[in-house]
Amino acid sequence: MSGLRQFDVIVVGAGFAGLYMLHKLREAGFQAHVVEAGSGVGGTWYWNRYPGARCDVPSIEYSYSFSSELENEWRWSERYAAQPEILTYLEYVADRFDLKKDITFDTKVTAAVWDDAMKLWRVDTDQGNGYLSQHLILATGALSAPKTPELPGIENFKGAILHTAKWDARVDIEGKAVALFGTGSSGIQVTPPLAQKASQLTVFQRTPNFAVPANNRPLNEDEWRQSRATLPARREAARQGFLGFFDVPRAGAAKDDTPDKREQRFNEQWNAGTAGLLLAYEDLLVDEESNAHAAEFARRKIAETIDDPDKVRKITPQGYPLGSRRMCSEIGFYETINRTNVALVDVREEPVTGFSAYGIRTTDHHYSAEVVVFATGFDACVGAIKAIDIRGLEGKSLREEWADGPHAYLGLAVPAFPNLFTITGPGSPSVLSNVVVSIEQHVEWIARCLTDMRASGKATIEATEEAERDWMDHVHEIAQQTLFPRADSWYHGRTRDGRKVFMPYVGGCGPYRATCDEIAAADYRGFNLG
Ligand code: NAP
């Protein structure tokens, strides 16, 4: 196998997860190398450069906690940082910890094959260069494989086509007729800047989402100083808490309060950010009746911002509990929908039937469009992993193993794929948590595992089928105790015959962390070490 560079660990991806993984492995004395498809660090924050892109988790929480020096050096400018600031932060982290010298950029990992005789992964890339490594860590991100719908006749369209997750800033939108598909977090963020520049914006919506005011603001000196004083305690509370956030739900059940008290509390929480309304009562994600009160409140608030009754009817979310699909936060989205140069098309009542050279045909109309923007999301949790042809023991393909819905022990490891780890993989809190908290936990657990293996002279680690089955049953059972399965959402994967498989673990970040630690302390129960 000449020409292949050999490392202890290959990490795929240089976003939040890959950068910290590299730093942690280096600290522990491993020879580690990162392979990254982009030309720079940042992962999702490298690619998602659409106008309006902004994190909807408060900046102070959506940042690394592993280095107090880093925490003291970096000053966030806004409550919710915009994409350029987050990317600058990640570049700063990469430089500060001198990480770039161990990252190969502009290189996509295409395949990884386990060689059981050598106990090594052979990793291939689209640049022809390859690697051998004892361990392979997928820091590929849960929301990183963009999805574009197959729309009839799109090949006839002669204008520019953009995707929010692969934004090309060279495409000029000024004064153009623009069509936007998708009203998830990305679509809701990109709508106002598009409408400001476009002559006409047509928003093609399939499922309306609940969006609450972001209430973004600059972080003033007082707020910043105060946040420093309480940071260590709040970080620890987030690690041990349910969703990995600083704020926790308020006690009580919505259905038990009087209408006046409920209204008051919902109003207090309405401007408290993305998860604010959901935190109004502790039972909103588990009790249908309580949730219905919150959903009704949100519907009323949304209706207040739009004049046209037809737009209100189309944009009002119905038929699923509040929070069972990812909550969105908005800065001027509903106001923009209200504008006269913005049309709202419900593709369920008016399906797309074709494209002309500069327009989109539906069953009812032809809408002019010189630019089409897809904000149509991602092949969530699994897309970036399935994009790599991964072969484990006896040539087993991970893609095929997951064709009936993804499964992994603790969201970290899959039987028959030794020495392979997935950071924030399916079956871990991942996308249903403050993902930076979950990333740090996985990175630290994996580093500990590799260090323990080295100390005890073990060359391989593999999850057992029984442990994985029990874990996925647990993931499923816990999800059934919540309202999440009541919605169609990207939190679900699909089996071959179309059944839904809930992917994230909703048992809470703190309990999940305790389980992982306890398993490590019990000689990695549920894993075979060889
Ligand atoms: P998304 O939530 O999956 O939204 C995709 C949108 O495209 C949905 O509205 C979907 O409708 C729609 N769609 C798909 N196919 C369509 C079609 N043929 N016609 C019309 N509409 C179609 O994706 P996203 O907005 O990129 O967000 C994904 C996740 O990334 C978020 O939930 C969040 O976790 C994260 N994110 C966070 C931020 C932030 O921090 N602010 C920003 C962006 C993204 P259906 O719902 O009917 O499928």
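Residues numbered from 1 in each chain as written. Predicted model: local features only at pLDDT ≥ 70, side-chain atom pairs only at ≥ 80, totals over all residues. Heavy atoms only, no water.

Draft legend 1. Fine view of the side chain of Ser63. Along the polypeptide, Ser63 turns up in the loop between α2 (44-47) and α3 (68-73). Relative accessible area serves as the criterion here: at 5%, Ser63 is assigned to the buried category. A distance of 3.0 Å separates a polar atom in the side chain of Ser63 from the backbone oxygen of Ile60. Apart from the residues lying within four places of it in its own chain, the contact partners of Ser63 are Phe16, Trp76, Tyr89, Arg235 and Val436. (Helix = DSSP H or I, 4+ residues; strand = E, 2+ residues; numbered from the N terminus. Buried < 20%, exposed > 50% of the residue type's maximum accessible area, 1.4 Å probe, protein only. Polar contact = N/O pair within 3.5 Å; in protein donor to acceptor, adjacent residues only side chain to side chain. Contact = heavy atoms within 4.5 Å.)

Draft legend 2. Looking closely at unusual backbone geometry. Positive phi, normally seen in glycine, also occurs at Asn215, with a value near 55°. The topology assignment puts Asn215 in the loop between β10 (211-213) and α6 (221-240). Of the residues examined, Asn215 reaches a relative accessible area of 35% and is grouped as partly exposed. Even without glycine at this site, Ser430 takes up a positive phi of about 35°. Along the chain, Ser430 turns up in the loop between β18 (420-422) and α13 (435-455).

Draft legend 3. Quick peek at the pattern of salt bridges. For the structure on display, the rule yields 32 salt bridges. Linking Lys255 and Asp287 is a salt bridge whose minimum nitrogen-to-oxygen distance equals 2.6 Å. Taken together, the residues span a long stretch of sequence, with Lys255 in the loop between α6 and α7 (259-270) and Asp287 in the loop between α7 and α8 (288-304) at a distance of 32 residues. On the basis of relative accessible area, Lys255 is assigned to the partly exposed category, the value being 33%. Put simply, Lys314 and Asp310 hold a salt bridge, and the shortest N to O gap is 3.2 Å. With a gap of 4 residues between them, Lys314 and Asp310 both fall in helix α9 (residues 309-315), about one helical turn apart. A relative accessible area of 11% means that Lys314 is categorised as buried. A single network of salt bridges, built from pairs that share partners, joins Asp310, Arg313, Lys314 and Glu349. (Salt bridge = Lys/Arg side-chain N within 4 Å of Asp/Glu carboxyl O.)

Draft legend 4. Molecular detail of the sheet that holds strand β15 (residues 366-368). Taken in spatial order, the 3 strands line up as β13-β14-β15 in an open sheet, and their pairing is antiparallel. Of all strands in the sheet, those with a lone pairing partner are β13 (352-356) and β15, marking the two edges. For this sheet the average axis-to-axis angle between neighbouring strands, irrespective of direction, equals 25°. Pairing analysis gives 3 bridges linking strand β14 (residues 359-362) to β15, with the strands arranged antiparallel. Its bridge partner being in β15, Arg361 is matched across the sheet by His366. (Pairing = 2+ DSSP bridges. Axes fitted to C-alpha atoms, helices over the stretch in contact; angles between N-to-C directions.)

Draft legend 5. Focus on the site of the ligand. The local shell around the ligand holds 26 residues, among which Ser186, Gln189, Arg206, Thr207 and Arg325 are the closest. Gln189 places a polar side-chain atom, nitrogen or oxygen, 2.8 Å from a nitrogen atom of the ligand. Take Arg325: an N or O atom from its side chain is 2.7 Å from an oxygen atom of the ligand. Out of a free accessible area of 900 Å², the ligand has 86% covered by protein chains. When residues in the shell around the ligand are grouped by element, the largest group, 3 residues, is from helix α5 (residues 185-197). Two domains each donate at least three residues to the shell around the ligand, and these are domain 1 (5-145 + 379-529) and domain 2 (211-374). (Near = heavy atom within 4 Å. Areas by Shrake-Rupley, 256 points an atom, 1.4 Å probe, with all protein chains shown as cover. Domains from an automatic or database assignment.)

Draft legend 6. Region of the structure containing the domain arrangement of the protein. In terms of domain boundaries, the protein breaks down into domain 1 (5-145 + 379-529) and domain 2 (211-374). For domain 1 and domain 2, the distance between their C-alpha centroids amounts to 28 Å. Taken together, the contact between domain 1 and domain 2 spans 37 residues of the former and 41 residues of the latter. Ranking the residues of domain 1 by area buried against domain 2 places Ile60, Arg79 and Leu483 at the top, with a combined share of 22%. On inspection of domain 1 and its partner domain 2, the count reaches 4 salt bridges. Close ionic contact of Glu221 with Arg75 constitutes a salt bridge, the shortest N to O distance being 2.8 Å. In this assembly, domain 1 and domain 2 are joined by 26 residue pairs in polar contact (both at pLDDT 80 or more). The element that contributes the greatest number of residues to the side of domain 1 that touches domain 2 is helix α15 (residues 509-521), accounting for 4 residues. Along the lines of polarity and charge, the residues of the side of domain 1 that touches domain 2 split into 16 nonpolar, 11 polar and 10 charged. (Buried area = accessible area lost by both parts, 1.4 Å probe. Nonpolar A, V, L, I, M, F, W, Y, C, P; charged D, E, K, R; others polar.)

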